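# Coordinate analysis (summary)
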Amino acid sequence: MLNNIALKNLKIGAKFNLLLILVFIVSILGSGVALSSVLQGRAQNEVTSQAQILIQMVNAVRDYTQNRIDPLLEPRLETNPTFIPEVVPTFSSKEVFENFRKKFEYKNFFHKDATLNPTNLADKADKFETQLVERFRREPNTLEITGFRNLSQNEVFYIARPLKITQAKCLRCHSTPDQAPKTQLATYGSENGFGWQLNQIVSAQIISVPSQEIFANAKRTWILIMGLLITIFAIVVFLINFLIKKYVILRIRRIEKIAQKVSVGDMSADFEESSNDEIGGLAEAFNRMKASLKIAMEMLNNQS
């Protein structure tokens with residue numbers, strides 16, 4: 001009830017400004033939430049697209065190594081004095097990716113074939129990566145896992161896919177030490193990277209791309225657009241207030257002042273309005289009412 005009384009006591013301009021402020025708050029909040037959702041979605045799509053492109057590139061290197069390089073170098077595994085790591089698709093993809101990372105703008109991109117029991121201990125899965133491999137094993141229908149994690153003091157978006165032993169020839173190097181090339185044993189030893197089985201998921205192929213800067217850019221864009229919207233709305237409110245005051249409120253105030261004079265008997269005051277709008281029509285009606293009142297008062301004076 002007190003709110004209703006306070007609202008009734010407000011001037012037209014104050015009521016109009018209050019309505020504009022309410023519209024402004026609702027509009028800004030709604031626009032801010034919608035815009036934030038759109039920009040966050042675009043940032044998410046951007047980091048996902050980068051990760052998918054890189055994982056396709058890595059897989060292309062793996063396929064090329066497996067189908068073209070491996071057949072050429074495999075006969076030399078026994079005769080070569082040292083192990084030839086280029087026959088291993090994981091080695092080739094890692095080397096290509098490391099060359100890619102040498103450029104400054106790509107230094108925070110990461111690739112790893114995280115393996116539970118790797119031949120090269122550099123591929124050993126950490127605690128987080130081990131959980132991914134185990135999940136792929138528990139959920140054979142899960143072909144991809146994505147998310148965010150902190151890596152090298154930066155938040156990155158990662159995309160992980162299972163790596164399964166699908167070709168029997170891969171077991172030559174990973175089934176038992178006695179079947180592995182002697183040069184491999186000389187290089188990596190006989191303790192790691194054995195006991196693999198056909199159709200077993202042994203690794204999680206993980207690509208990580210930096211996401212902080214992309215989401216920071218989205219936030220800066222949001223702040224810029226919201227600032228622009230607030231500025232535009234403030235200008236619109238100012239212009240509307242100026243026009244309302246000039247073409248409505250000031251004209252009504254003039255009519256009010258003249259009506260006050262007429263109410264105390266000053267019949268010389270005139271409701272001057274040149275416009276043909278609603279306020280002009282109101283002023284004309286007041287002029288007719290004043291004329292009728294003046295005639296009625298003269299008639300009363302003549303009778304007395």
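Keep in mind the model is a prediction, meaning the values are calculated, not measured. (Residues numbered from 1 in each chain as written. Predicted model: local features only at pLDDT ≥ 70, side-chain atom pairs only at ≥ 80, totals over all residues. Heavy atoms only, no water.)

Listed under "transmembrane region" (unreviewed entry) in the UniProt record, and renumbered for this structure, are residues 222-244. Helix makes up 100% of residues 222-244 and strand 0%, and the two end C-alpha atoms of the span are 32 Å apart. (UniProt positions renumbered as here; feature names shortened; annotations may be inferred. Helix = DSSP H or I, 4+ residues; strand = E, 2+ residues; numbered from the N terminus.)

What follows concerns the nonpolar core. Counting 19 residues, the largest nonpolar core has Ala51, Leu54, Phe97, Ile207 and Val209 as its most contacted members. Contributions of two or more residues to this core are made by helix H2 (12-73), strand E3 (154-164), strand E4 (201-210) and helix H6 (212-263). Ranked by residue count, the leading element in this core is H2, at nine residues. Counting twelve residues, the second-largest nonpolar core is a separate cluster that includes Ala125, Val133, Tyr158 and Ile206. (Core = buried A, V, L, I, M, F, W, Y, C linked by side-chain atoms within 4.5 Å. Buried < 20%, exposed > 50% of the residue type's maximum accessible area, 1.4 Å probe, protein only.)

Before going further, it helps to examine the pattern of salt bridges. Applying the stated rule across the entire model yields nine salt bridges. Where arginine 161 meets glutamate 144, a salt bridge forms, and the shortest distance between an N and an O atom there is 2.9 Å. Separated by 17 residues along the polypeptide, arginine 161 in strand E3 and glutamate 144 in the loop between helix H4 (127-138) and strand E2 (145-151) bring together distant segments of the chain. Residue class for arginine 161 comes out buried when judged on its relative accessible area of 19%. With relative accessibility at 34%, the residue glutamate 144 sits in the partly exposed group. One network of salt bridges, in which partners are shared, links Lys112, Asp126, Glu129 and Arg149. (Salt bridge = Lys/Arg side-chain N within 4 Å of Asp/Glu carboxyl O.)

Turning our attention to the pairing of E2. Alternating residues of E2 divide into Ile145, Gly147, Arg149 and Leu151, all buried, and Thr146, Phe148 and Asn150, none buried. Bridge analysis of E2 against E3 gives seven bridges, and the strand direction is antiparallel. Considered in E3, the bridge of threonine 146 is made with isoleucine 159. (Pairing = 2+ DSSP bridges.)

Right, let's talk about the confidence of the model for the protein chain for a bit. As a note on interpretation, predicted positions should not be read in detail where pLDDT is low. Summing up the model confidence of the protein chain, the mean pLDDT is 83 and the portion of residues at 70 or higher is 90%. When mean pLDDT is taken per element in the protein chain, H4 scores highest with 94 and helix H1 (residues 2-9) scores lowest with 56. (pLDDT = per-residue confidence, 0-100.)

What follows covers unusual backbone geometry. In this structure, asparagine 199 is a non-glycine residue whose phi angle is positive, near 65 degrees. You can see asparagine 199 is positioned in the loop between helix H5 (182-188) and E4.

With that settled, consider H6. Over its 52 residues, H6 runs 71 Å from end to end, which matches the ideal 76 Å to within 8%, given 1.5 Å per residue. Along its length, H6 reaches its greatest deviation from straightness, about 45 degrees, at lysine 245. Taken together, the buried positions of H6 are occupied by Ile214, Phe215, Ala218, Met226, Val237, Ile249, Arg251, Ile255, Ile258 and Val262. (Expected span 1.5 Å × (residues − 1). Bend = angle between axes of the 7 residues up to and from the residue.)

Secondary-structure assignment places aspartate 123 in the loop between strand E1 (110-115) and H4. Side-chain polar atoms of aspartate 123 contact the side chain of lysine 94, separated by 3.2 Å. Here aspartate 123 is in contact with Thr90, Lys94, Lys112, Asp113, Ala114, Thr115 and Pro118, once residues within four sequence places are set aside. (Polar contact = N/O pair within 3.5 Å; in protein donor to acceptor, adjacent residues only side chain to side chain. Contact = heavy atoms within 4.5 Å.)

What the rule picks out here adds up to nine aromatic pairs. Centroid distance phenylalanine 128 to tyrosine 158: 5.3 Å. Interplanar angle 85 degrees. Geometry classified as edge-to-face. On the criterion of sequence distance, the pair formed by phenylalanine 128 in helix H4 and tyrosine 158 in strand E3 is long-range, its members being 30 residues apart. Looking at phenylalanine 128, the relative accessible area reads 24%, which means it is partly exposed. Using a relative accessible area of 7% as the deciding quantity, one classes tyrosine 158 as buried. Between phenylalanine 148 and phenylalanine 157 the ring centres are 5.3 Å apart and the planes differ by 65 degrees, which places this aromatic pair in the edge-to-face class. Assessed through its relative accessible area of 35%, phenylalanine 148 is described here as partly exposed. (Phe/Tyr/Trp six-rings, centres within 6.5 Å; stacked < 30°, edge-to-face > 60°.)

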